[in-house]
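A look at the structure
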Amino acid sequence: MIPIYQLRSCKVKSCMVLSEPYWDHHIPLPKLGPLYSRLVTAFVALICFINSYDGDFVFDDSEAIIHNKDLNPDTPLSNIWKNDFWGSNLSSNSSHKSYRPLTVLTFRINYLLAGGLHPIGFHVLNVALHCVISVLMIDVFAILIGGLVHNGREAKLSLSPKASFLAALFFAAHPVHTESVAGIVGRADLLCALFFQLSFLVYCKAFQGGDKTFSVLWIFGSILLCAVAMLCKEQGITVLVNDVSDLFTGGLLMRLALLFLGGSFLLYARWRIMGTGPPSFTEVDNPASFAENVILRIVNYNYYYSLNAWLLLCPWWLCFDWSMGCVPLIKSAADWRIFWPLLLWCCLMGLVYQALCSQDSNKRRTLTFGLVLLVIPFLPASNLFFRVGFVIAERVLYLSSAGYCLILAYAVGYCSCHWKKHKRLLRVTTLTLLCVNVARSAQRSQQWRSEQSLFASALSVCPLNAKVHYNIGKNLADRGNQSAAVKYYREAVRLHPKYVHAMNNLGNILKERNELKEAEELLSAAVHIQPDFAAAWMNLGIVQNSLKKFDEAEQSYWNAIRFRKKYPDCYYNLGRLYADLNRSIDALNAWRNATMLKPDHSLAWNNMVILLDNTGNLAQAELIGKEALKILPKDHTIMFSLANVLGKQEKYKESEGFFLNALKINPNIASCHGNLAVLYHRWGKLDLAKRHYELSLRLDPSAPGTKENYNMLKRKLEQRQRAVG
């Protein structure tokens with residue numbers, strides 16, 4: 001870490017060990033005061049990503065926010081400390097073990113303040129966090145480049161105002177940050193980066209008394225902020241490695257001991273919280289980590305590193321997902337892509353040599369800290385210590401990009417200093433680079449506004465990625481365009497023949513289109529590839545039921561329940577099968593199980609009432625219907641079924657009330673008007689019966705039985721009129 005030197009007067013004295021970097025004043029930017037440089041940096045960060053403020057929930061937001069019950073104020077707050085980032089229990093084998101309770105807490109606060117799942121508040125906070133982080137980067141870069149000094153009045157003085165400002169501008173505008181800023185799930189990276197910075201800056205304050213002493217209190221404060229960063233995202237632990245960068249100040253052994261003990265405790269606590277060990281990932285998540293040959297694994301890991309470096313250098317080819325064939329494995333030395341890892345290591349070794357062996361102390365310092373900040377935060381995503389669940393993830397570069405921006409700012413300053421004849425060209429080049437990055441960030445954040453544009457943008461980058469085609473298909477299906485969805489699902493299966501989720505979704509659409517034979521083949525293949533795929537077993541059962549393969553359908557349903565104990569929809573479909581087979585008791589038991597697992601399962605409740613009605617158990621049907629309405633007081637379908645049951649028991653007044661309540665909720669139900677008309681017909685309220693028969697026929701002229709009943713009523717009214725006359 002770099003100490004903060006305190007001077008004995010208001011002037012900068014020669015007793016300072018550090019000196020102003022000679023290349024700083026050559027940076028082709030105007031020298032702004034601290035306030036203006038921060039305002040400009042915040043403004044640049046804002047214009048890059050502001051157009052994402054009213055975007056939708058996209059991609060992983062669905063799982064982490066929309067379907068995450070931990071955000072709901074009705075869920076106990078303690079759940080966020082027991083569950084992972086996605087709302088699954090940490091002890092579950094299916095959990096990704098991503099323990100980020102403070103990030104989930106901010107999502108919950110957004111939910112509470114907005115009164116529901118409204119994405120604007122989520123997006124605005126993400127953009128604001130990026131602005132704050134970009135501004136704080138000025139202080140971080142100032143310390144890393146030249147340290148911070150104090151005058152006699154404790155005012156901070158920066159030795160590298162231009163360089164730190166330029167590096168912060170590069171950071172604020174880097175397009176690789178789009179996933180973290182425009183994607184709401186990226187808040188984990190933003191919060192982790194914020195507390196990473198605060199931990200680093202608090203550690204620096206431990207040295208404001210001079211270069212031979214330090215404050216233990218500030219050290220503990222830094223460790224505490226590191227713990228907070230870890231509770232936002234696991235990557236936060238890496239700040240402690242950055243904190244031991246200064247090897248030449250007093251009390252090194254004591255600081256190392258404090259940081260080592262603090263870091264060990266945090267890692268131990270994190271491991272205990274993880275519960276059942278590291279998460280398990282599949283080959284499609286990270287194919288290189290499943291390569292049997294160690295050499296192949298190492299080569300492909302290094303190729304991944306080179307691709308990450310390329311995203312920092314040229315962030316034009318950006319994609320929301322890089323798995324499933326997007327990056328084919330290198331399998332032989334003849335693959336030309338092997339050149340890129342070699343080039344990467346040549347560049348890194350060159351930078352390391354300059355950082356360690358240069359005669360220029362400023363160059364050594366800046367390059368060393370730039371490399372440390374580039375490499376250390378990336379280590380958790382490197383596959384070196386444990387397998388990660390992705391090939392490339394742009395969000396993990398959020399912190400590492402700061403190291404790249406620091407090195408880039410140094411390169412601009414160095415060139416400006418040594419190429420004075422081309423200073424104007426360098427100024428134009430620097431400003432052009434900033435403008436291009438701002439434009440690309442704005443364009444990319446626009447693509448993140450909706451799933452439709454996000455998924456479409458990935459096709460040109462990763463046309464071989466089966467998940468891209470799958471997500472486009474799913475988005476089309478959700479919007480009702482099933483014909484187009486089929487095309488993309490088929491392509492996903494072609495690119496990845498074992499893509500069981502694509503098979504399942506394609507099978508579902510084919511089932512709805514009554515192409516049952518192909519649907520059965522696809523779903524059978526899916527459960528053969530992944531025998532514990534409960535949803536595919538259930539869908540296979542539905543198809544087999546439609547094909548009259550009742551025994552096979554029953555077995556498929558029970559397989560689904562075996563692999564997912566709490567599966568109310570499967571119990572519901574099993575009940576439908578039993579009802580078709582006239583196994584009424586089994587059907588009622590299955591539907592009762594569905595309602596026990598999911599009390600608001602409207603279809604299961606309604607089917608129980610209808611079945612009991614059809615089998616003549618009217619009293620029990622009435623009890624079930626009233627029990628259902630206590631849970632679902634505004635469900636018009638249950639009101640309708642219960643009203644029919646009450647009408648058959650000649651409880652006309654009570655039946656009328658439920659019919660009218662159902663029509664109040666949905667006044668355009670032809671069958672409800674028709675059955676209410678029948679009730680009035682039986683009750684003797686013929687004028688009301690006539691009115692509702694006519695309303696029913698107006699809504700559905702072909703309603704079965706209604707026209708005949710209406711004609712009977714008209715004859716009865718005519719007879720009554722003749723009798724009166």
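This structure is a prediction, so every number in the text was calculated from the model and none was measured.

Brief notes about the overall build of the protein
- Within the protein, the secondary structure is distributed over 31 helices and 3 strands.
- Burial status across the protein gives 53% buried among its 725 residues.
- Taking the contacts inside the protein whose residues are at least 6 apart along the sequence as the reference set, 66% of them involve residues at least 24 apart.

Brief notes about a nonpolar patch on the surface
- Nonpolar side chains collect at one region of the surface, where Phe43, Leu46, Ile47, Ile50, Tyr53, Ile120 and Val124 lie side by side and expose about 570 Å² of accessible area between them.
- Residue assignment for the nonpolar patch shows that the elements contributing at least two residues are α1 (34-49) and α4 (119-146).
- Per-element tally for the nonpolar patch: the top contributor is α1, with 3 residues.
- Classification of Tyr53 by relative accessible area gives partly exposed; the value is 36%.

Some remarks on the UniProt feature "transmembrane region" (unreviewed entry) in the protein
- As recorded in UniProt, the feature "transmembrane region" (unreviewed entry) lies at residues 127-149, 184-203, 215-232, 252-269, 301-318, 338-356, 368-390 and 396-417.
- Between the end C-alpha atoms of residues 184-203 there is a gap of 30 Å, over a span that is 85% helix and 0% strand.
- Taken end to end, residues 396-417 comprises 95% helix and 0% strand; its first and last C-alpha atoms sit 33 Å apart.

Digging into the UniProt feature "repeat: TPR" (unreviewed entry) in the protein
- Residues annotated in UniProt with the feature "repeat: TPR" (unreviewed entry) correspond here to residues 466-499, 500-533, 534-567, 568-601 and 670-703.
- In residues 534-567, helix accounts for 79% and strand for 0%; the two terminal C-alpha atoms are 9 Å from one another.
- Helix makes up 82% of residues 670-703 and strand 0%, and the two end C-alpha atoms of the span are 8 Å apart.

Let's talk about the state of the cysteines
- Counted by the stated rule, this structure contains 1 disulfide.
- Note that Cys326 is cross-linked by a disulfide to Cys462, the S-S spacing being 1.7 Å. Of this pair, Cys326 sits in the loop between α11 (294-313) and α12 (339-357) while Cys462 sits in the loop between α16 (451-459) and α17 (466-478), and the two are 136 residues apart along the sequence. With respect to class, Cys326 is no different from Cys462; both count as buried.
- Cys346 provides the cysteine sulfur closest to Cys347, a residue in no disulfide bond, and the two sulfurs are 6.9 Å apart.

Concerning the pattern of salt bridges
- Across all of its chains, the model carries 22 salt bridges by this definition.
- A salt bridge links Glu179 to Arg395; the shortest N-O distance between them is 3.0 Å. Highlighted residues: Glu179 in helix α6 (residues 178-182) and Arg395 in the loop between α13 (361-375) and α14 (397-418), separated in sequence by 216 residues.

As for the environment of Leu623
- Positionally, Leu623 belongs in helix α26 (residues 618-631).
- In the structure, Leu623 is positioned 19 residues away from Leu642 in sequence and 9.2 Å away in space, judged by C-alpha atoms.

With respect to the nonpolar core
- Counting residues in each nonpolar core, the largest one holds 196 residues, and the members touching the most others are Phe141, Phe320, Trp322 and Val327.
- No other element matches α14, which puts 13 residues into this core.
- Those residues in contact with Phe320 that lie beyond four places of it in its chain are Phe59, Glu179, Arg444, Trp448, Leu454, Phe455, Ala458, Val468 and Asn471.
- Counting 14 residues, the second largest nonpolar core, distinct from the first, contains Ala64, Val104, Phe107 and Val185.

Section: the packing of aromatic side chains
- Counting across every chain of the model gives 18 aromatic pairs.
- Here Phe107 and Phe122 contribute two aromatic rings whose centre-to-centre distance is 6.2 Å and whose plane-to-plane angle is 45 degrees, an arrangement assigned as tilted. Of this pair, Phe107 sits in helix α3 (residues 101-114) while Phe122 is found in helix α4, placing the two residues 15 residues apart along the sequence. Considered together, Phe107 and Phe122 belong to a single accessibility category, that of buried residues.
- Each ring, one from Tyr470 and one from Tyr489, has its centre 5.8 Å from the other, and the planes form 50 degrees; the classification is tilted. With Tyr470 in helix α17 and Tyr489 in helix α18 (residues 482-495), this pair connects stretches of sequence that are 19 residues apart.

Looking at the packing of α3 against α4
- Packing of α3 against α4 leaves a shortest axis separation of 9 Å and a crossing angle of 135 degrees. Classed by the angle they form, the pair α3 and α4 counts as oblique. Of the two elements, α3 crosses α4, and the hand of that crossing is right-handed. Between α3 and α4, the contacting residues are Phe107, Asn110 and Tyr111 on the first element and Gly121, Phe122 and Leu125 on the second.
- Looking at the contact of α3 with α4 residue by residue, the class counts come to 4 nonpolar, 2 polar and no charged.

Regarding the side chain of Asn465
- Relative to the helices and strands, Asn465 is located in the loop between α16 and α17.
- A polar contact is formed between the side chain of Asn465 and the backbone nitrogen of Lys467, at a distance of 2.8 Å.
- If we skip the residues at most four places from it in the chain, Asn465 touches Asp321, Trp322, Ser323, Met324, Cys326 and Leu495.

Regarding the packing of α26 against helix α27 (residues 636-648)
- Interhelical geometry of α26 versus α27 gives an angle of 150 degrees and a closest axis separation of 9 Å. Relative to α27, the element α26 lies roughly antiparallel. Relative to α27, α26 is oriented so that their crossing is left-handed. Where α26 abuts α27, its residues Leu618, Ala621, Glu622, Gly625, Lys626, Ala628 and Leu629 lie against Ile638, Met639, Leu642, Val645, Leu646 and Lys648.
- For the contact of α26 with α27, the class distribution of residues is 9 nonpolar, 1 polar and 3 charged.

Some details on the confidence of the model for the protein
- Summary statistics for the protein give a mean pLDDT of 86 and a share of 89% for residues scoring 70 or more.
- When the elements of the protein are averaged for pLDDT, strand β1 (residues 5-6) gives the smallest value, 36, and helix α24 (residues 584-597) the largest, 96.
- Within the model, pLDDT remains below 50 along residues 1-18, and this stretch shows 61 contacts once partners closer than five positions in the same chain are excluded.

Describing unusual backbone geometry
- Phi at Phe59 is positive, roughly 50 degrees, even though this residue is not glycine.
- With respect to the helices and strands, Phe59 occurs in the loop between α1 and α2 (61-66).
- Overall, the relative accessible area of 16% leaves Phe59 in the buried class.
- One non-glycine residue, Asn582, lies in the positive phi region at around 60 degrees.
- Structurally, Asn582 can be placed in the loop between α23 (568-580) and α24.
- Classification of Asn582 as exposed rests on a relative accessible area of 66%.

Some details on α17
- For α17, which comprises 13 residues, the first-to-last C-alpha distance of 18 Å matches the rise-based estimate of 18 Å (1.5 Å per residue) to within 8%.
- Across the 13 residues that make up α17, a large majority, 10, are buried.
- The complete set of buried residues in α17 reads Ala466, Lys467, Val468, His469, Tyr470, Asn471, Ile472, Gly473, Asn475 and Leu476.
- In this fold, the buried residues of α17 make contact with α16, α18 and α19 (500-512).
- Two to three positions downstream of the cap, the backbone nitrogen of Lys467 sits 2.8 Å from a side-chain oxygen, assigning the N-cap of α17 to Asn465.
- In the stretch just after α17, Gly480 is the one whose phi turns positive, near 90 degrees.

Topic: the side chain of Asp635
- Checked against the element boundaries, Asp635 lands in the loop between α26 and α27.
- It is Lys598 that comes nearest to the buried, bridge-free Asp635 among opposite-charge side chains, at 11 Å.
- In this structure the side chain of Asp635 is engaged in a polar contact, spanning 2.4 Å, whose partner is the side chain of Thr637.
- Residues in contact with Asp635, not counting those within four places in the same chain, are Ser602 and Leu629.

The rules behind these values
- Residues numbered from 1 in each chain as written.
- Predicted model: local features only at pLDDT ≥ 70, side-chain atom pairs only at ≥ 80, totals over all residues.
- Heavy atoms only, no water.
- Helix = DSSP H or I, 4+ residues; strand = E, 2+ residues; numbered from the N terminus.
- Buried < 20%, exposed > 50% of the residue type's maximum accessible area, 1.4 Å probe, protein only.
- Contact = heavy atoms within 4.5 Å.
- Patch = residues over 30% accessible without salt bridge, like charges linked within 9 Å, V, L, I, M, F, W, Y side chains within 5 Å.
- Areas by Shrake-Rupley, 256 points an atom, 1.4 Å probe, with all protein chains shown as cover.
- Salt bridge = Lys/Arg side-chain N within 4 Å of Asp/Glu carboxyl O.
- UniProt positions renumbered as here; feature names shortened; annotations may be inferred.
- Disulfide = S-S within 2.5 Å.
- Core = buried A, V, L, I, M, F, W, Y, C linked by side-chain atoms within 4.5 Å.
- Phe/Tyr/Trp six-rings, centres within 6.5 Å; stacked < 30°, edge-to-face > 60°.
- Axes fitted to C-alpha atoms, helices over the stretch in contact; angles between N-to-C directions.
- Parallel < 35°, antiparallel > 145°, perpendicular 65-115°, else oblique.
- Left-handed = near helix turned anticlockwise from the far one by under 90°.
- Nonpolar A, V, L, I, M, F, W, Y, C, P; charged D, E, K, R; others polar.
- Polar contact = N/O pair within 3.5 Å; in protein donor to acceptor, adjacent residues only side chain to side chain.
- pLDDT = per-residue confidence, 0-100.
- Expected span 1.5 Å × (residues − 1).
- Lys, Arg positive; Asp, Glu negative; His and termini not counted.

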